[in-house]
Amino acid sequence: MAACALRRGLWNTVSNYNKKHSHRILSLVDSASVFEVNRPLLSCRACRVTGGVQPRRFMSSRNRPEGKILETVGVFEAVKQHGKYETGQLFLHSVFGYRGIVLFPWHARLYDRDITPPVSDSKREPPGAHGSKEVKGKTHTYYQVLIDTRDCPHISQRSQTEAVTFLANHDDSRALYAIPGLDYVSHEDILPYNSTEQVPIQHELFERFLMYNPTKSPPFTPRDTLKAWQEKNHPWLELSDVHRETTENIRVTVIPFYMGMREAQNSHVYWWRYCIRLENMGSEVVQLRERHWRIFSLSGTLETVRGRGVVGREPVLSKEQPAFQYSSHVSLQAPSGHMWGTFRIERTDGSHFDVRIPPFSLESNKDDKAPPAGYTF
């Protein structure tokens, strides 16, 4: 049972630690160490082992007393196959490895192009988009979460930690502000655990949003400030559609968010944020080199965008670091449109192939809502 639980846990590979001992190190690498996380073996999730396994944080011997290597973080809980995790649930991210806590869940429609559904009850892709496959939406649970700030430096090269942005509440139509340490997490990304610490997550909003209540499970309950912030910002935080497609073992997931409308030079400009994750599902090392976007606006315009990398980076996707996640923005002078495209991927032998970005719609269906609120209380 213990062996199965270890396989189901989150394993680390630490550069200054012998690989034959790596199975003993669970969870997160301390700030003095190199941070690399392997994808957990999903085949062992069905065992539903409860308790007895401690997520641990590796402590570098350079800055720690001699002989002290591991420090307990908490105890793994059974992964939920059904239902949802509640506000206050502690977790490790199964892909990026950071410690986090759930603020609130919601349902989204997942359009997975890797699954071929019946022709009926499906969502058609936009005119001009690549392919002709119709995709059926499936309800899926996502979470708004806080990231432990101690882990942000270790994941910043693979996942943005200031990716949740809003339009600012003043006249500058391009002004954005971000709330650091917020993320959107899919249900299968969560490895739940519990802790005896009253403040297990370090984030400036943790104690403003949550309070410790040992009589509850999980023992962190929402404060009125979290409820008010969620109610105020729900239309601008809640995702509605998630799009996913795999090409040659590279899976691309896209989540679009409507951000609002601003007036500029006597015209309306509509803004969206989109979050993209690339995952290497195979064993071959590859690198993202170029992006190629097609952006269709309801006004009838079709724009082509080409460029090197994404957000100034050309990430390498390997078995040790299989994923890269980032956010970007797009604006249209029309209330709706569509986007699709490809990423040019390079193999280690210098050859290339194109990975499809699943088409997704840009809809402005929240103009009647109040503008997003900040987080000053």
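See above for the structure.
Notes on the structure in this doc start here.

**Re the overall build of the protein chain**
- Helix and strand counts for the protein chain come out as four helices and 21 strands.
- Every one of the 377 residues in the protein chain was classed for burial, and the buried ones make up 53%.
- Long-range pairs, those at least 24 residues apart, make up 68% of the contacts in the protein chain with a sequence separation of at least 6.
- Looking at the protein chain as shown, the accessible area adds up to about 17,600 Å², and 48% of this sits on carbon and sulfur atoms.

**Some points on the pattern of salt bridges**
- Under the definition given, this model contains 16 salt bridges.
- Among the ionic pairs, Asp-189 bridges to Arg-277, the shortest N-O distance being 2.8 Å. A residue pair is termed long-range when its members are at least 10 positions apart, and Asp-189 in the loop between β9 (182–186) and β10 (190–194) and Arg-277 in strand β15 (residues 267–280) qualify at 88 residues.
- Owing to a relative accessible area of 6%, Asp-189 belongs among the buried residues under this scheme.
- Glu-245 is the salt-bridge partner of Arg-356, the closest N and O atoms lying 2.7 Å from each other. Of this pair, Arg-356 sits in strand β21 (residues 352–363) while Glu-245 sits in strand β13 (residues 241–247), placing them 111 residues apart in sequence.
- When its relative accessible area of 33% is taken as the criterion, Arg-356 is described as partly exposed.
- Judged by its relative accessible area of 3%, Glu-245 is buried.

**A word on the nonpolar core**
- Tyr-98, Ile-101 and Leu-103 are the most contacted members of the largest nonpolar core, which totals 46 residues.
- With seven residues, strand β5 (residues 99–112) is the single largest residue contributor to this core.
- Ranked by size, the runner-up nonpolar core spans 27 residues in total, among them Val-254, Leu-288, Ile-345 and Ile-357.

**Focus on the pairing of β21**
- In terms of strand pairing, strand β20 (residues 336–347) meets β21 through ten bridges, oriented antiparallel. Of the residues in β21, the one forming a bridge with Met-339 is Phe-360.
- Counted along the chain from β20 to the antiparallel partner β21, the turn is four residues long, and its residue Gly-350 has a positive phi close to 95°.

**Details of the side chain of Arg-273**
- Mapped onto the elements, Arg-273 comes out in strand β15.
- In this structure Arg-273 is buried but unpaired, with Asp-183 as the nearest side chain of opposite charge at 9.1 Å.
- At a separation of 3.1 Å, a polar atom in the side chain of Arg-273 contacts the side chain of Tyr-184.

**Topic: empty space enclosed by the protein**
- For the structure shown, the criterion picks out one cavity of 30 Å³ or more.
- Approximately 80 Å³ is the volume found for the largest cavity.
- Taken together, 13 residues form the lining of the largest cavity, with Ala-163, Asp-183, Cys-275, Gln-325 and Ser-327 sitting closest to its centre.
- Where the lining of the largest cavity is concerned, the elements lending two or more residues are β9, β15 and β19 (323–332).

**A closer look at unusual backbone geometry**
- With an omega of 0°, the peptide bond between Ser-217 and Pro-218 qualifies as cis.
- Following the sequence through the fold, Pro-218 ends up in the loop between β11 (210–212) and β12 (220–222).
- Residues other than glycine seldom take positive phi values, yet Val-311 does so here, at roughly 40°.
- Considering the arrangement of structural elements, one finds Val-311 in the loop between β17 (302–308) and β18 (316–317).

**Regarding the packing of aromatic side chains**
- All chains considered together, the criterion is met by 15 aromatic pairs.
- With a centroid separation of 5.4 Å and an interplanar angle of 45°, the aromatic rings of Phe-104 and Trp-106 are classed as tilted. An identical accessibility class is assigned to Phe-104 and Trp-106; each is buried.
- Here the aromatic rings of Tyr-212 and Phe-220 are separated by 5.7 Å at their centres, their planes lie at 55°, and the arrangement is tilted.
- With relative accessibility at 32%, the residue Tyr-212 sits in the partly exposed group.
- Of the aromatic side chains, those joined through ring pairs into one cluster are Phe-104, Trp-106, Tyr-184, Phe-209, Trp-229 and Phe-257.
- In this structure, Arg-273 packs its charged tip against the face of Phe-257, placed 4.5 Å from the ring centre.

Thresholds applied
Residues numbered from 1 in each chain as written. Predicted model: local features only at pLDDT ≥ 70, side-chain atom pairs only at ≥ 80, totals over all residues. Heavy atoms only, no water. Helix = DSSP H or I, 4+ residues; strand = E, 2+ residues; numbered from the N terminus. Buried < 20%, exposed > 50% of the residue type's maximum accessible area, 1.4 Å probe, protein only. Contact = heavy atoms within 4.5 Å. Areas by Shrake-Rupley, 256 points an atom, 1.4 Å probe, with all protein chains shown as cover. Salt bridge = Lys/Arg side-chain N within 4 Å of Asp/Glu carboxyl O. Core = buried A, V, L, I, M, F, W, Y, C linked by side-chain atoms within 4.5 Å. Pairing = 2+ DSSP bridges. Lys, Arg positive; Asp, Glu negative; His and termini not counted. Polar contact = N/O pair within 3.5 Å; in protein donor to acceptor, adjacent residues only side chain to side chain. 1 Å grid on protein atoms, 1.4 Å probe; cavity = no way out; pocket = protein on both sides within 12 Å on 5 of 7 lines; lining within 4 Å. Points joined across faces, edges and corners; volume = space filled by probe spheres on them. Phe/Tyr/Trp six-rings, centres within 6.5 Å; stacked < 30°, edge-to-face > 60°. Lys NZ or Arg CZ within 6 Å of the ring centre and 35° of its normal.

Distances and angles like these do not, on their own, reveal function.
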